[in-house]
Amino acid sequence: MKEEVYRADGLGYSYGGRVALREICFTVRSGESLAVLGANGSGKSTLLKILNGLIFPKTGKVEFMGAPLTEESLSGEFLKCFRERVGFVFPEPDVQLFCPTVYDELAFGPLQLGVPDSEIKKRVDELLEMLGISNLSGRAPYTLSGGEKKKVAIASVLSVDPDVLLLDEPTNGLDPRTQVWFFELLQSLKVINKTFIMCTHDLSLVEDLASRAVVLDESHRVVFDGPALDVLKDKDLLLRANIIHEHTHRHGGITHIHSHGPYSTHDEHD
Amino acid sequence: MAQMTLPGWFKEARGAPCAAGGRSAQRSFVEKNLARFNSFTKEVLEPEEYSKKRGLLQWITPKARIAGIFFMIAAAGLSTNAYALSGAVFLTALLTAFSGVGFSALAKRVWPAVVFTLVIISPVFFSFFTPGERLFGVSAGPFEAAVTREGVLSGLFFVTRAASMVSLAALLLLTTGQTEFFRGLAGLPVPRFFVTALYMMFRYVFILLKVAEDANLALKSRTAGRARIKESQQWFSSRAAMILRKSLNAAEEVSMAMASRGFDGKIKTLRGPGLAVRDYIWLAGALFILFLSFGLSS
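Note that the structure is a prediction, hence the values are computed from the model and not measured. Every chain's residues receive numbers from 1 upward, in the order its sequence appears when written. Lettering for chains starts from A, numbering for ligands starts from 1, and both go in the order in which the items are written. Residue-level local features of this predicted model are given only where pLDDT is at least 70; pairs of side-chain atoms are given and counted only at 80 or more, and the full residue set underlies all totals for whole chains, interfaces and linings.

This part is about the overall build of chain A. Under the scheme used here, helices are H or I runs from DSSP no shorter than 4 residues and strands are E runs no shorter than 2 residues, and both carry numbers assigned from the N terminus. Summing up its helical and strand segments, chain A has 10 helices and 12 strands in all. Between the two quantities, the radius of gyration covers C-alpha atoms and the globule rule is 2.2 Å times the number of residues to the power 0.38. The globule rule puts the C-alpha radius of gyration for 270 residues at 18 Å, and the 20 Å found for chain A is close to it. Its C-alpha atoms put chain A at 65 × 45 × 40 Å along the principal axes. For chain A, with 270 residues in total, the buried portion stands at 43%. Each residue is classed by its C-beta neighbour count within 10 Å, where at least 20 other C-beta atoms makes it buried, 12 or fewer makes it exposed, and intermediate counts make it partly exposed; the C-beta atoms are placed from backbone geometry.

Listed below in structure tokens is the structure:
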């Protein structure tokens, strides 16, 4: 069996009096691609921040490769090791891009982690080339388009060469071509056994890339944990968790009732 | 899906199409000032135009450039001799010309400091502060406000010294991109805390500006006509707390994004190339000017 990367046991988190997560339990193994599905405000982003050691659970515990992930434990060598192994792509690229140029952005992570300069230069040049963004190298991130920003944000995380990628709404705001680019990139990374945990509404992403799915409902609890394809077939669950909704409309003389969401099927007819 | 019941006013047709617009509306007080401040900040903090040019200062390694300019600023600040100060002004002019920097661009950055210094030291020009040979003035009974020759000389000396120091600092910022600046600063024996604080300030100024601009655009999209200055000022002051709060939230997200990529409070930058012969010559020259200023002062 593959090595356990994360273990969440009874995680709970709240912002003041507003609950974001309740009794979350799951494990993630190396090489797995896990999709965390849920409606807006269900606690997906909070969960990813906890898994990235940016905030810490109020109740329960989370372990990374068998070691507790707490404010106290995240220091010194463990912190360095953790940051080298886990990369986080934020939903809003503007938040993630804070360096003066794209080149500096890609070099930032490895630099902070003490990677030698010659290795950083090699990594940055090769990543720029691989992702087809060499032409952006000297540009200031705030001058880029939305799709370019997202590419740079992903590249800035990949330059650290993490084993685990946490992706928060990775396809939000991407045009179709950039979405295809992104799917191809993740497929390539999947082949080399990288672990993904992605929060998304995009069910096409789940179908194409996730091997497993965890669904959070609006009470901030896990209501499903199993194979990704199973959750896509469970329409009732998706409706209950507010990931898809149903509506009625007409095509010519035929009235449809169909589920509606980013991944919709005309599956029921009147 | 069941249809929503819309309120009556929502269903009323608008009627005639919008009449063609007249002359273009002027920008509001807030919009104008935000735009000015934004462009000024970007120009000052990210001087792409001159930092990418080929010129004397750009030829010097950033670390040496920063150190050399610092020595010269110190020399200008310490000089009590008019000849030494004139030399500093002349040198600044030479550096500006040989670095391909426009004098107008430099003046744009220097004049606010000159005006500010003039205001601060204005009492020096008068006899009640600097007694001496009366040039002109007014008197009312026992009270007299006269400008003296000695006061003018002292004031001008002080303003020239300030202008010279600010010009050198502005020249450094104009010829050094943000990355180069931090790389150079990190290579010098400057406290890490200072470099980090400065770096974070650069980032957060942009966040604050973006939030303020977005708030103003949101207002503009929902209002018609031009607000009076007083209304704009009231709106801006009432939203200042909201803008600050939003920018603090954004800043918190940015700091999370930095922590996520291994940032531990110490800025690390790619090591630039080592010092070349030209850098040593430049540094020796700058140090010589500093020592010369000591000599001329005594």
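So, on to the overall build of chain B. The secondary structure content of chain B amounts to 12 helices and two strands. Counting from the amino terminus, helix and strand elements in chain B follow one another as α-α-α-α-α-α-α-β-β-α-α-α-α-α. In terms of overall size, chain B is more extended than a compact globule, its C-alpha atoms giving a radius of gyration of 27 Å where 298 residues would be expected to give roughly 19 Å. Counting over 298 residues, chain B shows a buried share of 28%. Taking the intrachain contacts of chain B between residues at least 6 apart in sequence as the baseline, contacts between residues at least 24 apart amount to 79%. Contact between residues is assigned whenever the C-beta positions, reconstructed from backbone atoms, fall within 7 Å.

Residue and element names in this part refer to chain A. In space, the four strands of this open sheet follow the order 2-1-4-5, with antiparallel pairing throughout. If you trace the sheet from one side to the other, it starts and ends with strand 2 (18-29) and strand 5 (67-68), each paired once. Two elements, strand 1 (residues 4-15) and strand 2, share eight bridges in a ladder whose sense is antiparallel. If you follow Y13 over to strand 2, its bridge partner there is L21. Between any two strands, at least two bridges found by DSSP are needed for them to pair.

Counting 84 residues, the largest nonpolar core has V36(A) and L166(A) as the members making the most contacts within it. Sequence-distant contacts of V36(A), that is, excluding residues within four places in its chain, are made with K44(A), L47(A), I197(A), M198(A), C199(A), V214(A) and L216(A). Core analysis: the second largest hydrophobic core is formed by 37 residues, L57(B), A75(B), V101(B) and L168(B) among them. What makes a nonpolar core is a set of buried Ala, Val, Leu, Ile, Met, Phe, Trp, Tyr and Cys residues, with links drawn between C-beta atoms within 7 Å.

Right, let's talk about the sheet that holds strand 10 (residues 222-227) of chain A for a bit. Residues and elements named next belong to chain A. Taken together, six strands build an open sheet; the order of strands is 6-7-8-3-9-10 and the sheet is mixed. Looking at which strands have only one partner, the edges of the open sheet turn out to be strand 6 (86-89) and strand 10. Pairwise comparison of adjacent strand axes, ignoring direction, gives a mean angle of 15° for this sheet. Direction of pairing for strand 3 (residues 33-38) relative to strand 8 (residues 195-200): parallel, over a ladder of five bridges. Counterpart to L34 in the pairing with strand 8 is I197. Axis definition: a line fitted to C-alpha atoms, limited for helices to the stretch in contact. Angles are taken between N-to-C directions and run from 0 to 180 degrees. Most of the contacts of helix 6 (residues 146-158) go to strand 6, to which it runs at about 170°, and overall it touches strand 6 and strand 7 (164-168).

A few words on the confidence of the model for chain A. Residues of chain A with pLDDT of at least 70 account for 90%, and the chain-wide mean is 87. How sure the predictor is of each residue is captured by pLDDT, a score from 0 to 100. Overall, residues 262-266 of chain A carries pLDDT values under 50, and its contacts beyond four positions in sequence, including any with other chains, amount to 14 contacts.

It is worth spelling out the pairing of strand 7 of chain A at this point. All names here are of chain A. The buried fraction of strand 7 amounts to five of the five residues, a majority that puts the element mostly inside the structure. Here strand 7 shows a buried face lined by V164, L166 and D168 and a second buried face lined by L165 and L167. Bridge analysis of strand 7 against strand 8 gives five bridges, and the strand direction is parallel. Bridging across to strand 8, V164 finds its partner in T195. Crossovers are marked right-handed if the path from the first strand over the helix to the second runs clockwise, as seen with the strands pointing away from the viewer. Remark: the strand 7/helix 7 (residues 176-191)/strand 8 crossover connection has right-handed handedness.

Many analyses report the size of an interface as the accessible area lost when the parts associate. Contacts between the two partners involve 25 residues from chain A and, on the opposite side, 22 residues from chain B. Broken down by secondary-structure element, the contributors of at least two residues to the side of chain A that touches chain B are helix 3 (93-96), helix 4 (102-112), helix 5 (117-130) and strand 11 (245-251) of chain A. Amino acids outside the nonpolar list (Ala, Val, Leu, Ile, Met, Phe, Trp, Tyr, Cys, Pro) and the charged list (Asp, Glu, Lys, Arg) are all regarded as polar, and Gly is one of them. Taken together, the residues that form the side of chain A that touches chain B break down as 13 nonpolar, eight polar and four charged.

Before going further, it helps to examine unusual backbone geometry. Residues and elements named next belong to chain A. One non-glycine residue, D161, lies in positive phi territory at about 60°. A residue is classified by how many C-beta atoms lie within 10 Å of it, and D161, with 16 of them, is partly exposed. Of note, the phi angle at N193 is positive, near 70°, even though the residue is not glycine. By the element assignment, N193 lies in the loop between helix 7 and strand 8.

Right, let's get into the pairing of strand 9 (residues 212-216) of chain A. Residues and elements named next belong to chain A. Among the five residues that make up strand 9, five are buried, leaving the element largely enclosed by the rest of the structure. Every second residue of strand 9 is oriented toward a common face, with R212, V214 and L216 on one face and A213 and V215 on the other, all of them buried. Here strand 3 runs beside strand 9; their pairing, made up of five bridges, is parallel. Note on strand 9: the bridge partner recorded for L37 is V215. Adjacent in sequence and paired antiparallel, strand 9 and strand 10 are bridged by five residues, among which H220 carries a positive phi angle near 70°.

Moving on, we come to the confidence of the model for chain B. Summary statistics for chain B give a mean pLDDT of 81 and a share of 91% for residues scoring 70 or more. This complex was scored by the predictor with a pTM of 0.73 and an ipTM of 0.79.

Okay, the environment of M130(A) next. Turning to its location among the elements, M130(A) is positioned in helix 5. Looking at M130(A), the number of C-beta atoms within 10 Å reads 13, which means it is partly exposed.

With that settled, consider the environment of K151(A). Checked against the element boundaries, K151(A) lands in helix 6. With near-sequence residues (within four places) excluded, K151(A) lies in contact with L131(A) and I133(A).

Moving on to the environment of A145(B). Residue and element names in this part refer to chain B. For A145, the location among the structural elements is in strand 2 (residues 143-148). Given 13 C-beta atoms within a 10 Å radius, A145 is considered partly exposed. The spatial distance from the C-alpha of A145 to the C-alpha of S127 is 6.7 Å, given a sequence separation of 18 residues.

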